[in-house]
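# Results of the structural survey
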Amino acid sequence: THDITIKLADEAATLKCGAEIAKVLVPGLSIYLHGDLGAGKTTLVRGLLHQLGHAGKVKSPTYTLVEPYQVQLSGGSLNVYHFDLYRFIDPEEWDAAGFRDYFNPSSLCLVEWPEKAGELLPAADIELLLQVYEAGRKLTLRSNSAIGAALLTRFNP
Ligand code: ADP
Ligand code: MG
């Protein structure tokens, strides 16, 4: 597996990139977003969710840890869970809150700050890294599973 790196000149480019990722998604995926505060993780998720047909707001669930969405994907409804684990501290909360069950073959999980949950999270299919680069951002995509790799071959940034 090899990394794909894309330059994102401005916020619009980050939104567009999220939309392009949305076009190759399948149910059951988990995608983890790495990068510092302000790197553009939520912006990318916003572009992705809008492409999937979500018309409303997308804001990072900093205090609630997860925000659920329901969208349509190839004729069926898809549950999308957007996690922001920046403030996650209590491992016992993971199962108590039912988070484990959110990762299932018919959902899509997008996770900001996955490192905060340590070993609790299952392995990601795709890992994204956003970094400040020149006046914009740089995105690195890496697949971690066969399905993730297949998806990235169809991805057309
Ligand atoms: P994070 O979720 O990683 O903390 P956000 O998505 O909230 O970051 O984005 C932080 C800021 O970065 C926003 O003001 C957004 O407009 C800006 N931004 C996103 N992508 C780019 C880009 N490619 N170039 C410049 N600014 C960007
Ligand atoms: Mg965020």
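As the structure is a computational prediction, the values presented were derived from the model and not from experiment.

### Here we look at the coordination of the magnesium ion (ligand 2)
Looking at the metal site, the magnesium ion (ligand 2) is ligated by Thr 42 (OG1) and Glu 112 (OE), spaced 2.1 to 2.2 Å from it. Highlighted residues: Thr 42 in helix H2 (residues 41-51) and Glu 112 in strand S5 (residues 107-112), separated in sequence by 70 residues. Here Thr 42 and Glu 112 have matching classes, each one buried.

### A short note on the packing of aromatic side chains
Within this structure, the stated rule accounts for ten aromatic pairs. Ring plane angle 90 degrees and centroid distance 5.3 Å describe the contact between Phe 83 and Phe 99, whose orientation is recorded as edge-to-face. Taken together, the residues Phe 83 in strand S4 (residues 76-84) and Phe 99 in helix H4 (residues 99-102) connect sequence positions 16 residues apart. You can call Phe 99 buried: its relative accessible area is 4%. With centroids separated by 4.9 Å and ring planes inclined at 55 degrees, the aromatic side chains of Tyr 86 and Trp 113 adopt a geometry described as tilted. Taken together, the residues Tyr 86 in the loop between S4 and helix H3 (91-96) and Trp 113 in the loop between S5 and strand S6 (126-133) connect sequence positions 27 residues apart. Assessed through its relative accessible area of 14%, Trp 113 is described here as buried. Members of the aromatic cluster, joined through ring pairs, are Tyr 81, Phe 83, Phe 88, Trp 94, Phe 99, Tyr 102 and Phe 103.

### Here's the deal with helix H1 (residues 11-22)
End to end, H1 covers 17 Å across twelve residues, agreeing with the expected 16 Å (1.5 Å per residue, within 8%). Of the surrounding elements, those touching the buried residues of H1 are strand S1 (4-8), strand S2 (30-34), H2, S6 and strand S7 (136-143).

Rules of the game
- Residues numbered from 1 in each chain as written.
- Chains lettered and ligands numbered in written order.
- Predicted model: local features only at pLDDT ≥ 70, side-chain atom pairs only at ≥ 80, totals over all residues.
- Heavy atoms only, no water.
- Donors = N, O, S within 2.8 Å, 3.2 Å for Na, K, Ca; no water.
- Helix = DSSP H or I, 4+ residues; strand = E, 2+ residues; numbered from the N terminus.
- Buried < 20%, exposed > 50% of the residue type's maximum accessible area, 1.4 Å probe, protein only.
- Phe/Tyr/Trp six-rings, centres within 6.5 Å; stacked < 30°, edge-to-face > 60°.
- Expected span 1.5 Å × (residues − 1).
- Contact = heavy atoms within 4.5 Å.

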